[in-house]
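Architecture and fold: a report
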2 protein chains.
Amino acid sequence: MLDQLCERLGAGAILTGDDVAARSVDWLTGTPCHAAAIVRPGTPDELAETLRLCHAARQPVVTHGGLTGLVHGTEASPEELVISLERLDAIEAIDPVGATITVQAGAPLQKVQEAAEAVGLQFALDLGARGSCTIGGNIATNAGGNRVIRYGMMRQQVLGLEAVLADGRIISSMSPMLKNNAGYDLKQLFIGSEGTLGIVTRAVLRLQPAMPDTRTALVACPSFDAMTGLLTHMRQTLGGELSAFEAMWRNHYRLLTDVSGRHAPPVGTESPFYVIIESQAIDADRHGARFDQALESAFEEGLLADAAIAQSDAQRDGLWAIREDIEGLVHLLSPLMTFDVSLPIGDMASYVERVETTLQEQWPQGRLSVFGHLGDGNLHLMASVGSNDADTRHRVESCVYAPLAELDGSISAEHGIGLEKRNWLPISRSPDELALMVTLKQALDPHGLLNRHKVVTCAAQDEH
Amino acid sequence: MLDQLCERLGAGAILTGDDVAARSVDWLTGTPCHAAAIVRPGTPDELAETLRLCHAARQPVVTHGGLTGLVHGTEASPEELVISLERLDAIEAIDPVGATITVQAGAPLQKVQEAAEAVGLQFALDLGARGSCTIGGNIATNAGGNRVIRYGMMRQQVLGLEAVLADGRIISSMSPMLKNNAGYDLKQLFIGSEGTLGIVTRAVLRLQPAMPDTRTALVACPSFDAMTGLLTHMRQTLGGELSAFEAMWRNHYRLLTDVSGRHAPPVGTESPFYVIIESQAIDADRHGARFDQALESAFEEGLLADAAIAQSDAQRDGLWAIREDIEGLVHLLSPLMTFDVSLPIGDMASYVERVETTLQEQWPQGRLSVFGHLGDGNLHLMASVGSNDADTRHRVESCVYAPLAELDGSISAEHGIGLEKRNWLPISRSPDELALMVTLKQALDPHGLLNRHKVVTCAAQDEH
């Protein structure tokens, strides 16, 4: 098998032994890669050829992008082969009139953002891992991030897509058009299915007008209702310009300011809720006036108690640093368990209280930090209860996930399922939905060779 | 079969005989419905029950929404049963904070728009048939319309969905959240698949902030390059506020003004291209100034030759009437053939010239009218060549569709495939893509009972 691959792709395309173990599949824990080998195709055709050979030999594979995921989606066992997209990282074309960019799946997000900026446009998706995560990974996991409230998730940015099926067939739907209703929209199958139905090789992405003027504030809210009122108020006052509305519960804000001393608090730490509000527009002065006025009227209506408005890029970065200091959280909340749920906004306050109470009952010394994309209904919960063994983890997961069932909530807003959350899927999906997922998996990957046991398990995999 | 249905759903739910024939399945031609009967379930459960009975009896069905489609997607033969969603037309809930609305599939688009307006929000999808077309039809065909450039197509408006599979199983994925990556996004299967994979019963739709101030202009462009330059210019100057950029070729503009006298021309008729530009924002006076200034600077750069800016709602309606006078086109271009293609914007001018030339060679007296959503890469071509028989139709279709193959264009941007375009699908889809569509159809509707022969044909249908 590896000999055949070496012959077709060249020896330089294959990594084995120490080169494999030197790679970590999990940036949080540093777990090394256990795969038999790492294959690095240099073209979509080489990737298709690799999958044809694997299919003939019933060889299971695991796809690797930027390895910044959080749900063990890239773990591989010694009998699996890793296919890394790292050499498929070209930006193939950019069309400023059509506002599209054509890229290979291994291209890092930031490279795509920069290419768009170079022609006076922007690529709308943005998230903390931008320097490492790849477009293919963003597509496979339907990534979210900081600007979903305005531009939608990764799914909304994808116009055309090319993917290779488990049997090596290339499904090329590289339409550069916003609109294409010529039959089923096959690309949707590969977006957000975490590499279990095919491997994304190339994509045509939508670009947006550049927004040269950014206004950012960190505000304190006197209550949860005030915070949701503020969201409605900012939506109505700023219209489509509101690009981020990132909530922080007091436990998060205090931990990263007063408690740890990592950041100076831009506003006092006595309020129960904090929000980073960001607005992006094209007209600098008018936009600034609109933004300030929207905050002022919110203050008059009692929707916020205090506000710090960034006066420079450095101040803006300082505000965001409190929200995005994952390094600080990893350090302060070790061992850290991260969660990513979504639920109706109106239920969030009581949901977080319930999780907090249940955790406290079992681990009085435990700590919880909560923040998230409020406008998207998405919360990140960071828990630390002293231990991280399987049993403890399961008990904590139960505290976080169980209340979601009756709220029609989701156990994953943006991180995906991978291996980590598979057993919790019935919280968010009905038996008929789960059966339909298996139907799709069987139809597209009947031998269960792609990212085995991740998201769903089909009959062929049970035999393994 | 019908007796069973009468017993379960009540006799009033079933139409037969003259009541069936009195319905037209095609508003352009008035073709009557030939189905054996029309079943009108009053609840999603009744619809599921209907499909369970049909599945057991291997009874093929055709789904009816508002019957405003253009591709013969609602045609039914005497051995088929029509399932109409007309009694499932409730607006179930509206959440102003979460900015969502929960509706049944038979609710007309306009009713949903009005419900959103009543709480100070807007539902972004808009199209000429708004009074008759239904949300279920909008979803099944992934409708486009006039505001795609800003808000995307129907797919982008759907957060949650409920559909009934061919065997009567209800797949309920009614998540009200913007973000939900808990496994495969099953709703995508039912959006744009024209009722061939399941019947949509309910949906949770995303609402947008209301935009109280609308600015509209009709401008004349001296060349195609000027028109695309104007699109880029308006995108950059108005940012996200640009909500429509509707191009008209001279043949369309002249036909509906000078030639027919149906509308007074707001600007002279000597230019080769015309555009309706619309911008929507929250701040009336500043927005007006931005809009006027954007047009002025475009004039200075030679991107437009003349402009008429609407000063009132009546004037605005007058400008749009030239673009939307389908009645006029039906009258002036009888017998009318309508097309709906998409292609890269840079190729549009030469594509239209080529179609015009090929048509003229075969039908020197033929007429062509071209307009479309330029920003979306979507053109509508209206052709009239004196006859409308099957052979003539095929030859005209060949002139319109054949050049799209080498341009990576699509034979349907927004109308869909239905029966009308099925044989032309290979122009826009590769054999592997078509095979994958059949794989999906077989997996979800193995007996081929839903909207037979529309979009794709699977093995079980060949046996019929």
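Since the model is a prediction, treat every value here as computed from it, not as a measurement.

Remarks on the overall build of chain A
When helices and strands are counted, chain A shows 18 helices and 18 strands. Against the 2.2 N^0.38 benchmark of 23 Å for 464 residues, chain A shows a C-alpha radius of gyration of 23 Å, consistent with a compact globule. Overall size of chain A, expressed as C-alpha extent along the three principal axes, is 70 × 55 × 45 Å. The burial tally for chain A puts 59% of its 464 residues in the buried class. Across chain A, the fraction of contacts at a sequence separation of at least 24, relative to all contacts at a separation of at least 6, is 70%. Carbon together with sulfur atoms contributes 48% to the accessible area of chain A, which is approximately 16000 Å² in total. On chain A, the mean spot of the 35 positive side-chain charges and the mean spot of the 59 negative ones are 4 Å from each other.

As for the sheet that holds strand β8 (residues 158-164) of chain A
Residue and element names in this part refer to chain A. Strand order in this open sheet of five strands is β5-β6-β10-β8-β9, and the pairing throughout is antiparallel. Of all strands in the sheet, those bounded by a partner on one side alone are β5 (91-95) and β9 (170-173). Strand-to-strand twist across the sheet, computed as the mean angle between neighbouring axes with direction ignored, equals 10°. Of the pairings in the sheet, the one linking β8 to β9 comprises four bridges and is antiparallel in character. Opposite Ala163, over in β9, you have Ile171 as the bridge partner. Taken strand by strand, helix α3 (residues 44-56) contacts β8, β9 and β10 (199-206), and its axis lies near 145° from that of β10.

Comments concerning helix α14 (residues 348-362) of chain B
Counted at 1.5 Å a residue, the expected span for α14(B) with its 15 residues is 21 Å, and the 22 Å between its end C-alpha atoms agrees. On its buried face, α14(B) sits against α9 (224-238), β13 (242-249), β16 (337-342), β17 (367-373), β18 (378-384) and α15 (390-401) of chain B.

Remarks on unusual backbone geometry
Residue and element names in this part refer to chain A. Each neighbour pair has its own omega, and for Ser334 with Pro335 the value is -10°, a cis peptide bond. Structurally, Pro335 is set in the loop between α13 (326-332) and β16 (337-342). One non-glycine residue, His72, lies in positive phi territory at about 60°. With respect to the element layout, His72 can be found in the loop between β3 (61-64) and β4 (81-84).

Let's talk about the interface of chain A and chain B
Accessible area lost during the coming together of the parts is what is often quoted as the interface size. Listed per partner, the contact involves 88 residues of chain A and 88 residues of chain B. Between chain A and chain B lies a buried interface of about 6700 Å² when both sides are counted; carbon and sulfur atoms form 58% of it. Where chain A touches chain B, the interface holds eight salt bridges. Summed over the shared surface of chain A and chain B, the result is 31 residue pairs in polar contact (both at pLDDT 80 or more). Counting only elements with at least two residues in the side of chain A that touches chain B, the list comes to α6 (148-151), α7 (154-157), β9, α8 (187-190), α9 (224-238), α11 (284-300), α16 (425-428) and α17 (431-444) of chain A.

Observations concerning the relation of the copies chain A and chain B
The two copies are related by a screw operation: chain A maps onto chain B through 180° of rotation and 0.0 Å of translation along the axis, at an RMSD of 0.0 Å. Here the symmetry operator amounts to a two-fold rotation axis.

So, the packing of α11(A) against helix α11 (residues 284-300) of chain B
Where α11(A) contacts α11(B), the axes come no closer than 12 Å and their chain directions differ by 160°. With respect to each other, α11(A) and α11(B) are oriented roughly antiparallel. Between α11(A) and α11(B) lies a crossing of left-handed hand. The residues of α11(B) that touch α11(A), namely those facing A:Arg286, A:Ala289, A:Arg290 and A:Gln293, are B:Arg286, B:Ala289, B:Arg290 and B:Gln293. Among the residues making up the contact of α11(A) with α11(B), the classes are represented as two nonpolar, two polar and four charged.

Quick word on the domain arrangement of chain A
Residue and element names in this part refer to chain A. Structurally, chain A comprises domain 1 (2-84), domain 2 (91-209), domain 3 (213-326) and domain 4 (333-428). Contact with domain 2, which involves six residues of that partner, is made by 12 residues of domain 3. Taken together, both faces of the contact between domain 2 and domain 3 bury some 710 Å²; the carbon and sulfur share is 40%. For domain 2, the biggest contributors to the area lost against domain 3 are Asn146, Ile149 and Arg150; these three give 79% of the whole. One can count zero salt bridges joining domain 2 with domain 3. Remark: the boundary between domain 2 and domain 3 carries four residue pairs in polar contact (both at pLDDT 80 or more). Residue composition of the side of domain 2 that touches domain 3, by class: one nonpolar, two polar and three charged.

Examining helix α3 (residues 44-56) of chain B
Compared with an ideal rise of 1.5 Å per residue, which puts 13 residues at 18 Å, α3(B) spans 18 Å between its outermost C-alpha atoms and is within 8% of the ideal. Burial in α3(B) covers these residues: B:Pro44, B:Leu47, B:Ala48, B:Glu49, B:Thr50, B:Leu51, B:Leu53, B:Cys54 and B:His55.

Describing the pattern of salt bridges
Close approach of charged atoms allows side chains with opposite charge to pair. Inspection of every chain in the model, using the stated rule, returns 59 salt bridges over all chains. For A:Arg215, the salt bridge is made with A:Asp213, and the minimal N-O distance between the two is 2.9 Å. You can call A:Arg215 partly exposed: its relative accessible area is 26%. Note on A:Asp213: relative accessible area 11%, which makes it buried. Note that A:Asp340 is salt-bridged to A:Lys421, the shortest N-O span being 3.9 Å. Taken together, the positions of A:Asp340 in strand β16 and A:Lys421 in the loop between α15 (390-401) and α16 put the pair 81 residues apart, joining distant regions of the chain. Of the two residues, A:Asp340 and A:Lys421, both sit in the buried class. Residues joined by salt bridges that share partners form a network here, namely A:Glu241, A:Asp283, A:Arg290, B:Glu241, B:Asp283 and B:Arg290.

Details of a nonpolar patch on the surface
Together, B:Trp27, B:Leu28 and B:Val330 line one region of the surface with nonpolar side chains, adding up to about 240 Å² of accessible area. On the basis of relative accessibility, which here comes to 42%, the residue B:Trp27 falls in the partly exposed class.

Comments concerning a negative patch on the surface
Taken together, the side chains of A:Asp292, A:Glu296, A:Glu300 and A:Glu301 make up a negatively charged region of the molecular surface. Here A:Asp292 is to be found in helix α11.

Definitions and limits used
Residues numbered from 1 in each chain as written. Chains lettered and ligands numbered in written order. Predicted model: local features only at pLDDT ≥ 70, side-chain atom pairs only at ≥ 80, totals over all residues. Heavy atoms only, no water. Helix = DSSP H or I, 4+ residues; strand = E, 2+ residues; numbered from the N terminus. Rg over C-alpha atoms; globule rule 2.2 N^0.38 Å. Buried < 20%, exposed > 50% of the residue type's maximum accessible area, 1.4 Å probe, protein only. Contact = heavy atoms within 4.5 Å. Areas by Shrake-Rupley, 256 points an atom, 1.4 Å probe, with all protein chains shown as cover. Lys, Arg positive; Asp, Glu negative; His and termini not counted. Charge placed at Lys NZ, Arg CZ, Asp CG, Glu CD. Pairing = 2+ DSSP bridges. Axes fitted to C-alpha atoms, helices over the stretch in contact; angles between N-to-C directions. Expected span 1.5 Å × (residues − 1). Buried area = accessible area lost by both parts, 1.4 Å probe. Salt bridge = Lys/Arg side-chain N within 4 Å of Asp/Glu carboxyl O. Polar contact = N/O pair within 3.5 Å; in protein donor to acceptor, adjacent residues only side chain to side chain. Least-squares fit on C-alpha atoms with pLDDT ≥ 70 in both. Parallel < 35°, antiparallel > 145°, perpendicular 65-115°, else oblique. Left-handed = near helix turned anticlockwise from the far one by under 90°. Nonpolar A, V, L, I, M, F, W, Y, C, P; charged D, E, K, R; others polar. Domains from an automatic or database assignment. Patch = residues over 30% accessible without salt bridge, like charges linked within 9 Å, V, L, I, M, F, W, Y side chains within 5 Å.

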